[in-house]
Amino acid sequence: MDGQVKVAVIYYSATGTTFQMARAAVAAAEKAGAEARLRRVRELAPEEAIRSNAGWHAHHLETQDVGVAELDDLEWADVVIFGTPTRYGVMAAQLKQFIDGSGPLWSRGALVNKVFAGFCSTATAHGGQEATLLSLFTVVYHWGGIVVTPGYVEPSQFVSGNPYGGSHTSNNGEVPPDESALGATALTARRAVEVATALKRGIG
């Protein structure tokens, strides 16, 4: 169990908001001393739906080189940070499908005692940010994982106002993540790395 903490940031993003937050999580994890992977989950929407939205189509093309998440990424990581836009107060179907495929790992206990954290974005204020993160953490409870949140451990969290994870309101994709949202996402990642590091030292 000795060695560098390994972090997988696994996200879904349609028009790029969650992607920007995912990059902030990766940067913070690496700054905290971890090895990090950035992985997008597979797109489920048909090509015609993607092409019907200019922002969606542009982001789809821009991120073709980002690696696609596989179960191996879950098994490799000491820390998994999930990112998702909110869909009616729960995670996006694309991320849910990836999680639903984790049965082989769950059945042999491969996800037990890993550290998990999350971040999300909504189109509107009060659009289900807390509900989305809490429903995401319900998955972790089934896996036997350890949930780490940003809490209110820094003054900046009283600005962002979400103790469950990084979050942002995009006004239907018109407003990119600001300093508060990116900072909360970075704090989430840093705390996850700190807890995983402590666990590795305690077990190793």
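It should be emphasised that the depicted structure is a prediction, and the values quoted were computed from it without experimental measurement.

1. Here's the deal with the overall build of the protein
Then, in step 1: A count of helices and strands for the protein gives 9 helices and 7 strands.
Then, in step 2: The C-alpha radius of gyration of the protein comes to 16 Å, within 12% of the 17 Å expected for a compact globule of 204 residues.
Then, in step 3: Its C-alpha atoms give the protein principal-axis dimensions of roughly 50 × 40 × 30 Å.
Then, in step 4: Burial status across the protein gives 50% buried among its 204 residues.
Then, in step 5: Long-range contacts, defined here as pairs at least 24 residues apart, represent 78% of the contacts in the protein between residues at least 6 apart.
Then, in step 6: As displayed, the protein has an accessible area near 9,600 Å², and 52% of this comes from carbon and sulfur atoms.

2. Details of the pattern of salt bridges
Then, in step 1: Counted by the stated rule, this structure contains 10 salt bridges.
Then, in step 2: The closest approach of N and O atoms between Asp73 and Arg37, which form a salt bridge, is 2.7 Å. Of this pair, Asp73 sits in helix α4 (residues 71-76) while Arg37 sits in strand β2 (residues 35-40); the two residues are 36 residues apart in sequence, bridging distant segments of the chain.
Then, in step 3: Look at Asp73 and you get buried, because its relative accessible area is 3%.
Then, in step 4: Salt bridges sharing common partners tie together Arg37, Arg39, Asp72 and Asp73.

3. A look at the packing of aromatic side chains
Then, in step 1: The full count for this structure, using the stated rule, is 5 aromatic pairs.
Then, in step 2: Between Phe82 and Trp143 the ring centres are 6.3 Å apart and the planes differ by 50 degrees, which places this aromatic pair in the tilted class. Here Phe82 is found in strand β3 (residues 79-87), whereas its partner Trp143 is found in helix α7 (residues 129-143), with 61 residues between them in sequence. Side by side, Phe82 and Trp143 carry an identical accessibility label, which is buried.

4. Some remarks on helix α3 (residues 54-62)
Then, in step 1: Where α3 is concerned, the buried positions are Trp56, His57, His59 and His60. Projected down its long axis, α3 carries its buried residues within an arc of 165 degrees, all on one side. The exposed set on the far side of α3, more than 90 degrees from its buried face, consists of Ala54, Leu61 and Glu62.

5. Structural notes on the pairing of strand β5 (residues 115-122)
Then, in step 1: Along β5, 8 of the 8 residues are buried, which leaves the element largely enclosed by surrounding structure.
Then, in step 2: Neither face of β5 is left uncovered, since the one carrying Val115, Ala117, Phe119 and Ser121 and the one carrying Phe116, Gly118, Cys120 and Thr122 both have all their residues buried.
Then, in step 3: Inspection of the sheet shows β3 paired to β5 by 7 bridges, in the parallel sense. Paired with Val79 across the strands is Val115, a residue of β5.
Then, in step 4: Where β5 lies against strand β6 (residues 146-147), 2 bridges are found, and the strand directions are parallel. Bridging across to β6, Val115 finds its partner in Ile146.
Then, in step 5: Assessed by its sense of winding, the connection that carries the chain from β5 through α7 to β6 is right-handed.
Then, in step 6: Where β5 meets strand β7 (residues 166-169), 4 bridges bridge the pair, whose relative direction is parallel. Paired with Thr122 across the strands is Thr169, a residue of β7.

6. Brief notes about unusual backbone geometry
Then, in step 1: At Tyr88, a residue that is not glycine, the phi angle is positive and equals roughly 55 degrees.
Then, in step 2: Along the chain, Tyr88 turns up in the loop between β3 and β4 (90-91).
Then, in step 3: According to the relative accessible area criterion, Tyr88 is exposed, its value standing at 86%.
Then, in step 4: Positive phi outside glycine occurs at His126, with the angle close to 60 degrees.
Then, in step 5: Inspection of the secondary structure puts His126 in the loop between β5 and α7.

Criteria and thresholds
Residues numbered from 1 in each chain as written. Predicted model: local features only at pLDDT ≥ 70, side-chain atom pairs only at ≥ 80, totals over all residues. Heavy atoms only, no water. Helix = DSSP H or I, 4+ residues; strand = E, 2+ residues; numbered from the N terminus. Rg over C-alpha atoms; globule rule 2.2 N^0.38 Å. Buried < 20%, exposed > 50% of the residue type's maximum accessible area, 1.4 Å probe, protein only. Contact = heavy atoms within 4.5 Å. Areas by Shrake-Rupley, 256 points an atom, 1.4 Å probe, with all protein chains shown as cover. Salt bridge = Lys/Arg side-chain N within 4 Å of Asp/Glu carboxyl O. Phe/Tyr/Trp six-rings, centres within 6.5 Å; stacked < 30°, edge-to-face > 60°. Arc of directions from axis to C-beta. Pairing = 2+ DSSP bridges. Right-handed = clockwise from strand over helix to strand, strands pointing away.

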